[in-house]
Amino acid sequence: MGTKKTVALVLGSGAARGHAHIGVIQALEERGYDIVSISGCSIGAIVGGVYAAGKLAEYREWAESLDRMKVIRLLDMSILKGGYIKGDRFFEKIEEMIGETDIASLPISYTSVAVDLLNQKEFWFQRGDLISAMRASSAIPSLVSPVAFNGRMYVDGGVLNPLPIIPCVPAGADYIVAVDLNGPAEGDYEEVQESDSEEPAWWSNTKDFFSKNKEADKPEYTPENWGRLQTINMMFETMQESLTQYKLAGYPPDLLISIPKDISGFYEFWRANELIEFGYDVALKAIDALESPASSYHSFPKGY
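Residues numbered from 1 in each chain as written. Predicted model: local features only at pLDDT ≥ 70, side-chain atom pairs only at ≥ 80, totals over all residues. Heavy atoms only, no water.

Sorry, what's going on with the nonpolar core here?
Grouped burial of nonpolar side chains is what soluble globular proteins tend to show. Counting residues in hydrophobic clusters, the biggest one holds 72 residues, and the most contacted among them are Leu9, Tyr59, Ile94, Met134 and Ile257. When residues of this core are assigned to their parent elements, the largest contribution, 9 residues, is made by helix α9 (residues 272–291). Every residue in contact with isoleucine 94, bar those within four places of it in the chain, is listed here: Val50, Tyr59, Trp62, Ile131 and Met134. Grouped together as the second largest cluster of nonpolar side chains are 10 residues, Ala173, Ile176, Ala178 and Leu256 included. (Core = buried A, V, L, I, M, F, W, Y, C linked by side-chain atoms within 4.5 Å. Buried < 20%, exposed > 50% of the residue type's maximum accessible area, 1.4 Å probe, protein only. Helix = DSSP H or I, 4+ residues; strand = E, 2+ residues; numbered from the N terminus. Contact = heavy atoms within 4.5 Å.)

What exactly am I supposed to notice about the UniProt feature "active site" (unreviewed entry) in the chain here?
The sites that carry the UniProt feature "active site" (unreviewed entry) are, in the present numbering, Ser42 and Asp156. Considering the C-alpha atoms alone, the annotated residues occupy 115 residues of sequence yet fold into one spot, their largest mutual distance being 6.0 Å. Restricting the annotated residues just mentioned to those that line the second largest cavity leaves Ser42 and Asp156. In this structure, serine 42 sits in the loop between β2 (34–41) and α2 (43–52). Apart from residues no more than four positions distant in its own chain, serine 42 is found in contact with Ser13, Ser137, Ser138 and Asp156. Mapping aspartate 156 onto the fold places it in strand β8 (residues 152–156). Ignoring anything within four residues of it in the chain, the contact list for aspartate 156 reads Ser13, Cys41, Ser42, Val115, Ala136, Ser137, Ser138, Ala139, Ile140, Pro141 and Phe236. (UniProt positions renumbered as here; feature names shortened; annotations may be inferred. 1 Å grid on protein atoms, 1.4 Å probe; cavity = no way out; pocket = protein on both sides within 12 Å on 5 of 7 lines; lining within 4 Å.)

See below:
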């Protein structure tokens, strides 16, 4: 057999939808591609960093074990500090898996993209502590506490670059493959609905905290019933989708894998199984397109 084709992988931001990244990586490896570089933003920086550290199997097993109760415990919300999600428990779990890892020691090149808030600039973490780089990249404004590090204040890289393609270019891989988690809505996906008897008390309390309409038995995804959390996230995702189109126009990858933004709520981390499977299935079809002689630039399932 010939030498494996190399891939520089770009993993975009999109919270819980980032579990689809795991399925994409699985598909690429099964089809014989060698991932030599990863550039990630937010959840993409986390999944990409865990993969680069050789611990994706452990991360996947843990992600698939999450239920709603475990997720709310991981959120670690600090009501006394402005209602921010601190994220300490989540990253403590990640550190249990990968230990204290320096980016320079990783076997493949890795870039985590964050935003230096005070200087209002994009910042690339390509050296230093891996956990800190992940954390800085995933501090969603107004939801997750900003990260103070090395005299700077960092927030989610999606503020300026939700799909960071450029950091992967120097790798010189055969293909640049980008996974966009803010793809066009398909309209075919339903939010997971629970019966009242199955809904745990913590979920009701969390909905009440963020909900405008506290009398509603169930959240309806309409503007009238959006709470603070839903409104902020919709604003952020709208911004990210526009920025992604701009980035793709400037430097289109060889393959764009587009995960519909409506496949799950951004907080639904307990849906790892189905999101991983969706990413895997979409990636297999996308790889078929990449290997066809039709075009030098492919987008699946939809382009922009």
